[in-house]
2 protein chains.
Amino acid sequence: MSFCAPVQDYEYIMRHIVGYGKVSATERFEEAGEELTSAILTEAGRLCEEVLSPLQRNGDLDPARLEDGVVHTSTGFAEGYKAIREGGWISVAASPEYGGMGLPMAVTTAVNEMMSAACLSIALNPLMTQGQIEALEHHASEEIKAIYLPKLVSGEWCGTMNLTEAQAGSDVGALSSKAEDNGDGTYAITGQKIYISWGDNDFSENVCHLVLARLPGAPAGTKGISLFLVPKFLPDASGEAGEANSLHVVSLEHKLGLHGSPTAVMQYDGATGWLVGPEGGGMAAMFTMMNNARLGVGCQGIGAGEGAYQKALAYAKERKQGRTPVAGGTGAIIDHADVRRMLATMRAELFAARCIAMANAVAIDMSHATSEPDWAARAALLTPITKAFGTDTGIKVAEIGVQVHGGMGFIEETGAAQYSRDVRVTAIYEGTNGIQSMDLVGRKLMDGGEAAHTLIDEMQRFAEEARATRPRMAGLIWNATETLREATEWMVSQKSMTARFAGSVPFLAAYARVLGGYYHLCAAVSEGSNGPRTKLARFYINRLLPEYKALLDHAMQGDADLYALDIEDFDVA
Amino acid sequence: MSFCAPVQDYEYIMRHIVGYGKVSATERFEEAGEELTSAILTEAGRLCEEVLSPLQRNGDLDPARLEDGVVHTSTGFAEGYKAIREGGWISVAASPEYGGMGLPMAVTTAVNEMMSAACLSIALNPLMTQGQIEALEHHASEEIKAIYLPKLVSGEWCGTMNLTEAQAGSDVGALSSKAEDNGDGTYAITGQKIYISWGDNDFSENVCHLVLARLPGAPAGTKGISLFLVPKFLPDASGEAGEANSLHVVSLEHKLGLHGSPTAVMQYDGATGWLVGPEGGGMAAMFTMMNNARLGVGCQGIGAGEGAYQKALAYAKERKQGRTPVAGGTGAIIDHADVRRMLATMRAELFAARCIAMANAVAIDMSHATSEPDWAARAALLTPITKAFGTDTGIKVAEIGVQVHGGMGFIEETGAAQYSRDVRVTAIYEGTNGIQSMDLVGRKLMDGGEAAHTLIDEMQRFAEEARATRPRMAGLIWNATETLREATEWMVSQKSMTARFAGSVPFLAAYARVLGGYYHLCAAVSEGSNGPRTKLARFYINRLLPEYKALLDHAMQGDADLYALDIEDFDVA
């Protein structure tokens, strides 16, 4: 089985569903028309198929390891990284000023998803660097930019994010790493950070850590946090990696999956760092990095799901088992109704999630390329949805992929289980999906629900227009948007955040469910025939969409029933 | 964190929900009253807490391995098995004639679930032997029974099931292992079997394999299959394990989970075996074993979910993170609404699944102890539901358990991920959950839906009575049963099996969802106050029950949309 990059799917979505044409119509992205983006996606697809996909199993079977303080990466990863770097795939969206392609996030998003589908472990590495590039572009001094950005953009150096400490996970404000002013423009960073993805490697000349820490006398909580750039090797006078800094990898985690990606405990012992952004501005700067990382992680979920889907499809076409229940069947298990149902579910869910991610990327691009303020709000609204729904979809799809394989799915050699193990972390890192849902019903509804309602209006208008050509599907989508509108109003009307949070996860899931249905309807309308997209849209809208009702029932329960449970009521006896 | 056997929960369910009193009122089970069953469950609980639970991590960290043809089991498993054996826990339901306790399946079911919660890998071993005991009790000659049953019942010898071959998984009828008559009452068995759970071990004196094979000239398909008992060591004149038979373990599988349970490829090279049941009666005999094994596997799912729940609960009570959103909180993450929602979901789902399994066991007991024919039909109806819903629940709950742990959930040392990995196979073996759902809408509705409707009637009558005391919850359950009735009628009316199969998985899920709601309502009514069970019932009925509508929408789509998709429509480009 060989991986096939779903380039046509991205192109279709960009052209016909999420209005990428608006992006390439802007001055900023005028060069990124259909021809160029098509050539770029095709080229990236080739890298994924030929170079990265063969590394997928290596990462699992030959995990990154720490020996005598040195991280050794999985067999072939150094060559894989070199190919990513040389193709310019780390810096598709980075500013041309420092060597990037300066292309829209929509293109980056497709490339990142493909790389994740081919080999999630290695794809996580450039995602971290991309976040760092963006944070430095926005918040670093010109001096820092001049030294670091060319190296990061070219991929000679890699970037990481250092937020979490043992006592400070979802609650970043609880962190206690310290920074002291050295009086020479540098700071001494001391503390221990955990869960540092790609905290070190043996294939880049340097590893640059963005570290959250507190200056002396800083206030408690997130307001007292500043951001520091702390490289493994201090740049010398010529800007090359020089003397080793006072930091090291303490250990690598033994994880459920993603074994090819070293997850480090990092120790900083008065390591030399540079302030990025203002004192106390660490969280703001980190959020620049995190928002795009959240879109990126959503795409990791979708990508891993795509890999799992292709593997399951290949198996279902090849495995002969049981009588063929249909005339003219293939004789393989894809003939069985339930296997078809599983495969169609995987494909329909991935399409929905991919459209959401692409719409998110387009909103980011439009917010960068125009001065229309609604685009930033749209991007902010979609980010937690892309992250949570993209990763939940990846987990669900990979899980179905295991089931399609039957007994073989439980055997590691098959590789189906690896998708399921690898993708699992995507619902946890970059803010758990619970945190994403709290972000959606909290921060992202602080505009009184305006951004959420604007998108619902858009869906509803489209459904009204679509009644002419797709009456049944359009009617179902219209009804769904109406129920979603009422639930959104209910959410906004809750003054108690706890009442919102008591239903935030199902609310996010329902919003994504309806949004996915809307994009499927867009596909059916634009296809204009009874083609594959229309058939898949019908499957999604008839079979998967109806979940939104139960999810919204769940979302609007409030918190009383949860807090009526005493702690002892949870106990087992 | 230490495992706590949920003995009070089983007792409550037996006494107040599933009518265990009917079982102990029969002559056959008159000794198994409340006092005895309570003492037995308490004693089994102690074994699980003190002996088996400490083995859970060993199985994962120190997997069973094959060295020079010999299976070495995980550290401590031999002692664990000895304790299970000596406590009589293999043969709770086995006939006293051969040394069993002769107790109801309801008791066995609770004991099996507890053992699975404590250590799933080791608990799978006695489950296999239990199935073999039952198959031999029903189908073997007196001579075979006299030799084998005392050894199996005492646990000196273990049992396995050998159905699957590389080309014959869900389609058992495709198997090609051969049996030839030796002319001396024995048969020579030749072939290779895969996925043989506990195919060998280093702690029992013998391992007895029930092997499906074909006699010369047997018809193709399942009708040509006979069942043979093929021991690792041939019994000598005194009935002890004697000369080695011509069979061996070829290899052990490298699996996603359940590492403590050796999954063998077994090779039979003219191995000596004895026919069990009539020629060509292999499938019928195997179904005796499989039906109870399916109930047992359902309980494995529930048990593993229970283990995962307790681990997540302990973590949620201990982990401090973020501000407490409620007055008088504990300061730990259990104070957060979404964490509570997750924990309550786990507990409510487990309660629903446990009640279904217990009701299934009671139906089996009543079918054994009385001549009322409805009980066998009830047991047959519930078996695929228990298996599929029990294991899907285990998987869902273990998955939520990982999420409750945040980043720690992805780190193997925590142990949360192990529950998720271990339980995954339960949706696959003993007939995939897809096969269970086909069994439900196919074979189990061949009575025109009578058994399914009888249970719906029972639920509906109860909901009508419950309106007096629990009007809101009862109303929701009544509505659900009515929709379920219509969907069941729709299913029965489909002449095309493919049309049924196209919705079988969501139909089974919906039936279980509603049934679980009914049992929650029973708990709320029987508790009669606003106690913990009532609060949990409210949570389930308000938040989880509504799923049934979308599931039934999905179930009643028919197969047209699935087969409208051409094979090429699934392809990626």
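The rules behind the values
- Residues numbered from 1 in each chain as written.
- Chains lettered and ligands numbered in written order.
- Predicted model: local features only at pLDDT ≥ 70, side-chain atom pairs only at ≥ 80, totals over all residues.
- Heavy atoms only, no water.
- UniProt positions renumbered as here; feature names shortened; annotations may be inferred.
- Helix = DSSP H or I, 4+ residues; strand = E, 2+ residues; numbered from the N terminus.
- Rg over C-alpha atoms; globule rule 2.2 N^0.38 Å.
- Buried < 20%, exposed > 50% of the residue type's maximum accessible area, 1.4 Å probe, protein only.
- Contact = heavy atoms within 4.5 Å.
- Areas by Shrake-Rupley, 256 points an atom, 1.4 Å probe, with all protein chains shown as cover.
- Lys, Arg positive; Asp, Glu negative; His and termini not counted.
- Charge placed at Lys NZ, Arg CZ, Asp CG, Glu CD.
- pLDDT = per-residue confidence, 0-100.
- Axes fitted to C-alpha atoms, helices over the stretch in contact; angles between N-to-C directions.
- Parallel < 35°, antiparallel > 145°, perpendicular 65-115°, else oblique.
- Left-handed = near helix turned anticlockwise from the far one by under 90°.
- Nonpolar A, V, L, I, M, F, W, Y, C, P; charged D, E, K, R; others polar.
- Pairing = 2+ DSSP bridges.
- Patch = residues over 30% accessible without salt bridge, like charges linked within 9 Å, V, L, I, M, F, W, Y side chains within 5 Å.
- Salt bridge = Lys/Arg side-chain N within 4 Å of Asp/Glu carboxyl O.
- Buried area = accessible area lost by both parts, 1.4 Å probe.
- Expected span 1.5 Å × (residues − 1).
- Polar contact = N/O pair within 3.5 Å; in protein donor to acceptor, adjacent residues only side chain to side chain.
- Core = buried A, V, L, I, M, F, W, Y, C linked by side-chain atoms within 4.5 Å.
- Disulfide = S-S within 2.5 Å.
- Least-squares fit on C-alpha atoms with pLDDT ≥ 70 in both.

For chain A, an unreviewed UniProt entry supplies the name 3-methylmercaptopropionyl-CoA dehydrogenase and the organism Lentibacter algarum. In its Catalytic activity (unreviewed entry) section, the UniProt record describing chain A reads: "3-(methylsulfanyl)propanoyl-CoA + oxidized [electron-transfer flavoprotein] + H(+) = 3-(methylsulfanyl)acryloyl-CoA + reduced [electron-transfer flavoprotein]".

(A) Layout of the overall build of chain A. The helix and strand tally for chain A stands at 20 helices and 11 strands. For a compact globule of 573 residues, the expected C-alpha radius of gyration is about 25 Å, and chain A comes in at 24 Å, within 12% of that figure. Evaluated residue by residue, chain A yields a buried proportion of 64% over its 573 residues. Long-range pairs, those at least 24 residues apart, make up 74% of the contacts in chain A between residues at least 6 apart in sequence. Per element, the accessible surface of chain A, about 18800 Å² overall, is 51% carbon and sulfur. Measuring between centres, the 46 positive side-chain charges of chain A sit 9 Å from its 70 negative side-chain charges.

(B) Molecular detail of the confidence of the model for chain A. A residue-level look at chain A finds 99% of positions with pLDDT of 70 or above and a mean pLDDT of 97. Both confidence scores are given for the complex: pTM 0.98, ipTM 0.98.

(C) Representation of the packing of helix 11 (residues 374-404) of chain A against helix 12 (residues 416-423) of chain A. All names here are of chain A. As a packed pair, helix 11 and helix 12 sit with axes 8 Å apart at the nearest point and diverge in direction by 160 degrees. One finds that helix 11 runs roughly antiparallel with respect to helix 12. When the axes of helix 11 and helix 12 are compared, the crossing they make is left-handed. Of the residues in helix 12, those touching helix 11 at Gly-394, Ile-395, Ala-398, Glu-399, Gly-401 and Val-402 are Ala-416, Ala-417, Tyr-419, Ser-420 and Val-423. Grouping the amino acids of the contact of helix 11 with helix 12 by side-chain chemistry returns 7 nonpolar, 3 polar and 1 charged.

(D) Examining the pairing of strand 9 (residues 241-244) of chain B more closely. Residue and element names in this part refer to chain B. Strand direction decides the pairing type here: strand 8 (residues 233-235) and strand 9, joined by 2 bridges, are antiparallel. Its bridge partner lying in strand 9, Phe-233 is registered against Ala-244. Between the antiparallel neighbours strand 8 and strand 9 lie 5 residues, among them Gly-239 with a positive phi of about 80 degrees.

(E) Representation of unusual backbone geometry in the model. Residue and element names in this part refer to chain A. Despite not being glycine, Trp-198 has its phi angle at roughly 50 degrees, a positive value. Residue placement: Trp-198 occurs in the loop between strand 5 (187-197) and strand 6 (206-214). Classification of Trp-198 by relative accessible area gives buried; the value is 1%.

(F) Focus on a negative patch on the surface. Residues and elements named next belong to chain A. Together, Glu-372, Asp-374, Asp-447 and Glu-450 make up a negatively charged patch on the protein surface. Mapped onto the elements, Glu-372 comes out in the loop between helix 10 (337-369) and helix 11. Judged by its relative accessible area of 44%, Glu-372 is partly exposed.

(G) View of the interface of chain A and chain B. On the chain B side, the residues contacting the 92 residues of chain A number 92 residues. Carbon and sulfur atoms make up 59% of the surface buried where chain A meets chain B, a total of about 8100 Å² over both sides. Considering only the side of chain A, the residues that lose the most area to chain B are Phe410(A), Arg543(A) and Phe570(A), jointly responsible for 11% of the buried surface there. At the junction of chain A and chain B, the tally comes to 12 salt bridges. Of the charged contacts in the structure, one is a salt bridge between Lys549(A) and Asp553(B), with a shortest N-O distance of 4.0 Å.

(H) Main features of helix 18 (residues 532-544) of chain A. When the terminal C-alpha atoms of helix 18 of chain A are compared, their 17 Å separation across 13 residues agrees well with the 18 Å that a helix rising 1.5 Å per residue should span. The element helix 18 of chain A is extensively covered by neighbouring structure, given that 10 of its 13 residues are classed as buried. For helix 18 of chain A, the full list of buried residues reads Thr534(A), Lys535(A), Leu536(A), Ala537(A), Phe539(A), Tyr540(A), Ile541(A), Asn542(A), Arg543(A) and Leu544(A). Packed against the buried residues of helix 18 of chain A are helix 10, helix 15 (471-493), helix 17 (504-527) and helix 19 (547-555) of chain A together with helix 19 (547-555) and helix 20 (560-564) of chain B.

(I) The side chain of Arg347(B), seen in detail. Position of Arg347(B) relative to the elements: it lies in helix 10 (residues 337-369). Despite its burial, Arg347(B) pairs with no opposite charge, the nearest such side chain being Glu306(B) at 5.2 Å. Among the polar contacts listed, one links the side chain of Arg347(B) to the backbone oxygen of Asp571(A), at a separation of 2.8 Å. Excluding anything up to four places from it in sequence, Arg347(B) contacts Asp569(A), Phe570(A), Asp571(A), Val572(A), Tyr309(B) and Leu536(B).

(J) Structural view of the pattern of salt bridges. Residues and elements named next belong to chain A. Tallying each qualifying case throughout the model produces 63 salt bridges over all chains. Among the ionic pairs, Asp-9 bridges to Arg-533, the shortest N-O distance being 3.7 Å. Remark: Arg-533 occurs in helix 18 and Asp-9 occurs in helix 1 (residues 7-17); sequence separation between them is 524 residues. By relative accessible area, which is 11% here, Asp-9 ends up buried. Measuring nitrogen to oxygen at the nearest pair gives 3.0 Å for the salt bridge that ties Asp-338 to Arg-341. On the criterion of helical spacing, the pair formed by Asp-338 and Arg-341 is a turn pair, its members being 3 residues apart in helix 10.

(K) Structural context of the nonpolar core. Counting residues in each nonpolar core, the largest one holds 360 residues, and the members touching the most others are Tyr511(A) and Tyr511(B). When residues no more than four places from it in sequence are discounted, the contact partners of Tyr511(B) are Leu381(B), Ile385(B), Ala452(B), Leu455(B), Ile456(B), Met459(B), Leu484(B) and Thr488(B).

(L) Focus on the UniProt feature "domain: Acyl-CoA oxidase/dehydrogenase middle" (unreviewed entry) in chain A. Taken from the UniProt record, the annotation "domain: Acyl-CoA oxidase/dehydrogenase middle" (unreviewed entry) applies to residues 161-269 of chain A. Structurally, residues 161-269 of chain A is divided into 0% helix and 49% strand, and its ends, taken at the C-alpha atoms, are 17 Å apart.

(M) Main features of the state of the cysteines. All names here are of chain A. Following the criterion strictly, the structure yields 0 disulfides over all chains and no others. Lacking any disulfide linkage, Cys-158 is separated from the closest cysteine sulfur, that of Cys-208, by 8.3 Å. Under the relative-accessibility criterion, Cys-158 is labelled buried at 1%. Left unpaired, Cys-299 is separated from the closest cysteine sulfur, that of Cys-355, by 12 Å. The exposure class assigned to Cys-299 is buried, which follows from its relative accessible area of 2%.

(N) Expanded view of the UniProt feature "domain: Acyl-CoA dehydrogenase/oxidase N-terminal" (unreviewed entry) in chain A. When the UniProt feature table is mapped onto this chain numbering, "domain: Acyl-CoA dehydrogenase/oxidase N-terminal" (unreviewed entry) sits at residues 79-156 of chain A. Annotation note: span residues 79-156 of chain A, helix share 71%, strand share 0%, distance between end C-alpha atoms 13 Å.

(O) View of the relation of the copies chain A and chain B. Of the two same-sequence chains, chain A is brought onto chain B (RMSD 0.0 Å, axial shift 0.0 Å) by a rotation of 180 degrees. Here the symmetry operator amounts to a two-fold rotation axis. Interface overlap between copies is the fraction of interface residues in one copy that are interface residues in the other; for chain A against chain B it reaches 100%, indicating a shared surface.

(P) A look at the pairing of strand 3 (residues 157-162) of chain B. Residues and elements named next belong to chain B. The element strand 3 is largely enclosed, with a buried count of 6 among its 6 residues. Neither face of strand 3 is open: one carries Trp-157, Gly-159 and Met-161, the other Cys-158, Thr-160 and Asn-162, and all of them are buried. Across 6 bridges, the pairing between strand 3 and strand 6 (residues 206-214) is parallel. When the bridges of strand 6 are listed, Gly-159 appears paired with Cys-208.

(Q) A look at the environment of Asp422(A). With respect to the helices and strands, the residue Asp422(A) is situated in helix 12. The class for Asp422(A) is buried, based on a relative accessible area of 3%. Beyond its immediate sequence surroundings of up to four residues, Asp422(A) is in contact with Gln56(A), Asp60(A), Leu120(A), Gly257(A), Leu258(A), His259(A) and Phe410(B). Reaching out from Asp422(A), the side chain makes a polar contact with the backbone nitrogen of Leu258(A) at a distance of 2.6 Å.

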